[in-house]
Amino acid sequence: MSTSTTITPSTTAIRQHWVIGNWKMNPSLATAKSLTEKLSENLVKTTSLSRCKLAIAPTTLHMLAIKSILEQASAQIQLVAQDTAITRNTGAFTGDISADLLKEAGIEWVIIGHSERRTIHHEDEKLISQKIRATLDTGLGVIWCVGETLEQREAGQAMNVVTAQIQAHTDILTNIDINKLIIAYEPVWAIGTGRTASPEDAQQMHGSLRQMLTQIRAELNQTSLLYGGSVKSDNAYLLAKCPDIDGALVGGASLDADSFLQIAQAFDIA
Ligand code: PEP
């Protein structure tokens, strides 16, 4: 959305690249299974990735079936839960699934703070903090989403909003194991809309995010920062060229095995 075309790297170190598919509440069990089979087959037979790791977030209900397909195919794709409970306790938490139960099912990561949870389920920073802590205490990793709405961007507030979303959890960031942290910048106006942030705008936000994290703690400079919001195979290459974008959190395009793997190839750069 900006007119600037200058992209300045804020760091040159090698960081882990990730492409993560968020399937949301989309595929039926049959579709999820055939998508996993196609992904696994293509990954094992034709798509070789060296720098970029892959992960998918099916609905929790399908997780065990998906896990078994991945294992049979020896496909290196990690499993991500779309949500977790605010506590590790067992007991009276109807409808919730704790991070311990997710871990038991072979899940390695949890998406927390996704805009759809913030909007539809009114999740605030206090609840997000509880979920992050429960996840990390279990030993799982957090894919932590931040991002501004269109109104906030148009009011010139994008950076302030994202800064507040990060700084609300400075206490967590000062101690976190950085191998358990992925941050996804997902402008809300770009999610599922077909309207992607320009590489310049995305890089600007990612560069500022990295600076902000580094000020909290030097090691956080190595955090994998993903962009999310209408990433497709045809815009992934330009986003992947941005020095502070280490991968993508992909919704719609992750429901097609070919598109998803093409996006992964775009981010599989040294
Ligand atoms: C998302 O839901 O995290 C997302 C980025 O979706 P989409 O790629 O469909 O915009």
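Parameters at a glance
Residues numbered from 1 in each chain as written. Predicted model: local features only at pLDDT ≥ 70, side-chain atom pairs only at ≥ 80, totals over all residues. Heavy atoms only, no water. pLDDT = per-residue confidence, 0-100. Contact = heavy atoms within 4.5 Å. Buried < 20%, exposed > 50% of the residue type's maximum accessible area, 1.4 Å probe, protein only. Helix = DSSP H or I, 4+ residues; strand = E, 2+ residues; numbered from the N terminus. Arc of directions from axis to C-beta. Pairing = 2+ DSSP bridges. Right-handed = clockwise from strand over helix to strand, strands pointing away. Near = heavy atom within 4 Å. Polar contact = N/O pair within 3.5 Å; in protein donor to acceptor, adjacent residues only side chain to side chain. Areas by Shrake-Rupley, 256 points an atom, 1.4 Å probe, with all protein chains shown as cover. Nonpolar A, V, L, I, M, F, W, Y, C, P; charged D, E, K, R; others polar.

Details of the confidence of the model for the protein
Reasoning step 1: Looking at the protein, pLDDT values average 94 and 95% of them are 70 or higher.
Reasoning step 2: Residue range residues 1-6 is modelled with pLDDT below 50. Its contacts to residues more than four positions away, or to other chains, number eleven contacts.

A short note on helix 2 (residues 63-73)
Reasoning step 1: When helix 2 is considered as a whole, its buried residues turn out to be Met63, Ile66, Ile69 and Leu70. What you see down the axis of helix 2 is that its buried residues fit within an arc of 130 degrees, all on one side. Among the exposed residues of helix 2, those oriented more than 90 degrees off its buried face are Leu64, Glu71 and Gln72.
Reasoning step 2: Packing partners of the buried residues in helix 2 comprise helix 1 (29-45), strand 2 (52-57) and strand 3 (77-81).

Examining the pairing of strand 6 (residues 181-185)
Reasoning step 1: Along strand 6, five of the five residues are buried, which leaves the element largely enclosed by surrounding structure.
Reasoning step 2: Residues of strand 6 alternate between two faces, with Leu181, Ile183 and Tyr185 on one and Ile182 and Ala184 on the opposite face, all of them buried.
Reasoning step 3: With five bridges joining them, strand 5 (residues 141-146) and strand 6 adopt parallel strand pairing. Residue pairing for strand 6: Val142 is matched across the bridge by Leu181.
Reasoning step 4: Judged from the four bridges that link them, strand 6 and strand 7 (residues 224-228) form a sheet pairing that is parallel. In the strand pairing of strand 7, Ile182 is matched with Ser224.
Reasoning step 5: Each parallel crossover has a hand, and the one from strand 6 via helix 9 (residues 199-216) to strand 7 is right-handed.

Focus: the site of the ligand
Reasoning step 1: Lining the immediate surroundings of the ligand are 14 residues, of which Lys24, Glu186, Gly192, Ser230 and Gly251 lie closest.
Reasoning step 2: In this structure, an oxygen atom belonging to the ligand sits 2.4 Å away from a side-chain N or O atom of Lys24.
Reasoning step 3: Gly192 is positioned with one of its backbone polar atoms (N or O) 2.6 Å from an oxygen atom of the ligand.
Reasoning step 4: For the ligand, whose unbound accessible area comes to 290 Å², protein coverage reaches 97%.
Reasoning step 5: Residue classes in the shell around the ligand are distributed as four nonpolar, eight polar and two charged.

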